[in-house]
Amino acid sequence: MTASSLTVTDNRTGKSYEIPITNGAIRAMDLRQMRTGPEDFGLLAYDPAFTNTASCISRITEIDGDRGILRYRGYPIEELAERSNYLEVAYLILNGELPTIAQMDEWVYEVTHHTWVHENVKKFMDGFHHDAHAMGMLCSAVAALSTFYPEAKNGGDPGTRKLQIVRLVAKMPTLAAFAYRHSLGMPYAYPDNDLSYTGNFLNMLFKTTEVKYQPNATLERALEVLFILHADHEQNCSTNAVRSVGSSQVDPYCALAGGVAALYGPLHGGANEAVLRMLAEIGSKDHVPAFIKEVKSGKDKLMGFGHRVYKNYDPRATIIKRMADEVFEVTRPNPLLPIALELERIALQDDYFVSRKLYPNVDFYSGLIYQAMGFPVEMFPVLFAIPRTSGWLAQWQEMRNDPEQKIARPRQLYLGAGKRSYVEIGKRDEESGTDG
Ligand code: CMC
C-alpha cells in the first residue's frame, strides 16, 4: 500500500479498493471499478456545480482562497498590478514567461496591427436595436468573427492558433467600443496605433472632434491595472464555458462567445453592474441597515460580496479600493462610494457575513471607478470581458495542448420516470398526463 492512497470499503459488497492520491486528488474514474455486479455501471461522483471537482491540470493561475492569494504563472497579482502593464501580463499568461524586450516589442506590434475589424462588422453592429445591451452585442460580434476567419477551424495548427489569439486580444476592444458607440448613436472611432492598448480603447470610446485623442494618463493607467486584475481567474464559470465549448474543437471565436455569454450573468461578470444598481437603489447611507436586514432575511443579495473560492478578502478588491482614490481625484468622487463603504463596514461586523466568510469581491468597487470614468453600467461586464480574453485564450490553448483532455461530457444521475408506453392525446388523464 502506498502512503499516497485512499483505502475505501464498499459496504454494499464488502470489497476494499486502494485508490492513488496524486497532487491531492483522486481520479474520479478510479471509482468506476466499484460495482455491485456485472450490470452495475460503477460508482459515480455527484458534484453539481463542480464545487469539489478539478476538471483539468493547469499551470496558469493559482488562487489560495483562504489566504487571499492570486498569482499568474507564479507572479503575485500585487506586483503585476504595480509594475507591469496589461499586454505584458497577457503575454505572460499566454506563454508562461515574462517577455524579453524583443518578444514584447513583437507582441505589442502584432496586437496593435490587428486592432482593425472588417468593415462588414459595422454593418451587423448597425443592425442591433438602439438599446441593445453592450454585452449582447459583444457576444454576438465575437461569434460573428468566426465567419471572417474560416481557417480558425484548424485549431490543431500552432501557427493558425497563434494568429487567432493575436486577433482576439487585438479586436476585442474594437468590438466593445463599436458596441458602445452604437448604443449612443455615435460614429465608430477607428483604432489609433500610436496609443497604448488601454489608451487606444479610450480613444475608440470617447474620441469626438479632436484630431488626435490624448487619454488622461491616470485613467489610462487605472484601466491598465483593472485589466491586469481581470486577466485570468482559473476555472471560473466563463473559463469553464470556454474550455467546455472549445473541447468540441470548435474555433476559438465561438468558444470565446460562450465565455462572454457566461460572463454576462449577474452572478459572474454582470455582478459589477448589479452592484451599481443595488447602490443606486439603496440611495443613501441611512438606508444601509435596512438593506442589510433584507439581505439577511434572504430577500436580497449583497452583490459584490462572496466568492466560491475566496473565503477571505479578494486581493483584487484590495487593489481596486486603493486605486479608487487616485481615479476620483481626476474625475469626481462617486456619490455612491459612501454607501459602498458603509455597506462594507456594517457587513464585516455582522455575524451573517462573517460566519459565511463573505467579503467584498473584485466587483464591489470596480463599478464605482468605471462609473466615475464615464462608463454606463451596461459597459461594466464588457470591461471585464476585454481583459479576460487573454485568460480564456490561455486556458483554451492549454486545453487544446493537453493530451488528457477530451470533449467535455459530464454524466448525470437519472431519477426520472422508468420505461412507460405512449398514450394517445385524447386518452390522457388531465392531471398526470397518463392513461386515466
Ligand atoms: N449576499 C448574501 N448572502 C450570500 C451572498 C451574498 N452576496 N453570497 C453568498 N451568500 C450566502 C448564501 O445565501 C449561502 O447562505 P446559506 O449557507 O445560509 O444558504 C452562503 O452564503 C454560501 O453561499 P453560496 O451561494 O453557497 O456560495 P457560492 O460559492 O455558490 O456562490 C457567489 C458564490 C459569488 C455566486 C455568491 O457569493 C454570490 O451570488 N455573490 C453575489 C454575486 C457576485 O458578487 N458575484 C461576483 C463574483 S466575483 C467575480 C466573478 O466571478 O465574476
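Residues numbered from 1 in each chain as written. Predicted model: local features only at pLDDT ≥ 70, side-chain atom pairs only at ≥ 80, totals over all residues. Heavy atoms only, no water.

1. Topic: the site of the ligand
Not every one of the 20 residues close to the ligand is listed here, only the nearest: His268, Lys301, Leu302, Gly304 and Arg308. Within the side chain of tyrosine 352, one N or O atom sits 3.1 Å away from a nitrogen atom of the ligand. About the coverage of the ligand: the protein hides 70% of its 930 Å² of free accessible area. Taken together, the residues that form the shell around the ligand break down as 10 nonpolar, six polar and four charged. (Near = heavy atom within 4 Å. Polar contact = N/O pair within 3.5 Å; in protein donor to acceptor, adjacent residues only side chain to side chain. Areas by Shrake-Rupley, 256 points an atom, 1.4 Å probe, with all protein chains shown as cover. Nonpolar A, V, L, I, M, F, W, Y, C, P; charged D, E, K, R; others polar.)

2. Looking at the packing of aromatic side chains
How two aromatic rings sit relative to each other is given by the distance of their centres and the angle of their planes. All told, the structure shown has 19 aromatic pairs when counted by the stated rule. Taking the centre distance of 4.9 Å and the plane angle of 25 degrees together, the rings of tryptophan 116 and tyrosine 190 count as stacked. In this pair, tryptophan 116 sits in the loop between α3 (101-112) and α4 (119-126) while tyrosine 190 sits in the loop between α6 (158-184) and α7 (197-206), placing the two residues 74 residues apart along the sequence. Relative to tyrosine 365, the ring of phenylalanine 364 lies with its centre 5.0 Å away and its plane at 85 degrees, an arrangement referred to as edge-to-face. Lying over the aromatic face of tyrosine 352, arginine 356 brings its terminal NZ or CZ to 3.8 Å of the ring centre. (Phe/Tyr/Trp six-rings, centres within 6.5 Å; stacked < 30°, edge-to-face > 60°. Helix = DSSP H or I, 4+ residues; strand = E, 2+ residues; numbered from the N terminus. Lys NZ or Arg CZ within 6 Å of the ring centre and 35° of its normal.)

3. Details of the sheet that holds strand β5 (residues 75-76)
One open sheet holds the three strands; their spatial order is β3-β4-β5, and the pairing between them is antiparallel. What marks the edges here is a single partner per strand, and that holds for β3 (61-64) and β5. Bridge count between strand β4 (residues 69-72) and β5: two bridges; the pairing is antiparallel. When the bridges of β5 are listed, tyrosine 72 appears paired with tyrosine 75. (Pairing = 2+ DSSP bridges.)

4. Description of the side chain of histidine 230
Counting through the fold element by element, histidine 230 comes out in the loop between α8 (217-229) and α9 (237-246). Judged by relative accessible area, histidine 230 falls into the buried class, the value being 0%. Residue contacts for histidine 230: discarding those within four places in its chain leaves Tyr72, Val362, Tyr370, Phe384, Pro387 and Arg388. (Buried < 20%, exposed > 50% of the residue type's maximum accessible area, 1.4 Å probe, protein only. Contact = heavy atoms within 4.5 Å.)

5. Looking at the environment of methionine 204
With respect to the element layout, methionine 204 can be found in helix α7. Spatially, the C-alpha atom of methionine 204 lies 7.1 Å from that of threonine 174, the residues being 30 residues apart in sequence. Beyond its immediate sequence surroundings of up to four residues, methionine 204 is in contact with Pro173, Thr174, Ala177, Arg181, Ala189, Tyr190 and Pro191.

6. With respect to helix α5 (residues 134-148)
A rise of 1.5 Å per residue sets the reference length of α5, with its 15 residues, at 21 Å; its end C-alpha atoms lie 21 Å apart and thus fit the reference within 8%. Within the span of α5, buried status applies to Ala134, Met135, Met137, Leu138, Cys139, Ala141, Val142, Ala144, Leu145 and Ser146. The secondary structure elements touched by the buried residues of α5 are α4, α6, α10 (252-264) and α17 (380-401). (Expected span 1.5 Å × (residues − 1).)

7. Quick notes on the pairing of β4
Here β3 pairs with β4 via four bridges, running antiparallel. By the bridge assignment, glutamate 62 is partnered in β4 with arginine 71. Here β3 folds back onto β4, and the loop between the two strands holds four residues, one of which, glycine 68, carries a positive phi near 65 degrees. Hairpin connection between β4 and β5: a loop of two residues separates the two successive antiparallel strands, and arginine 73 in this loop has a positive phi of roughly 50 degrees.

8. Considerations on the nonpolar core
Membership of the largest hydrophobic core comes to 118 residues, with the highest contact counts inside it found for Tyr72, Trp107, Leu138, Phe201, Met278, Leu302 and Leu343. A per-element tally of this core places α6 first, with 12 residues. Look past the residues within four positions of methionine 278 in its chain and what remains in contact with it is Phe291, Lys301, Leu302, Met303, Leu343 and Phe364. (Core = buried A, V, L, I, M, F, W, Y, C linked by side-chain atoms within 4.5 Å.)

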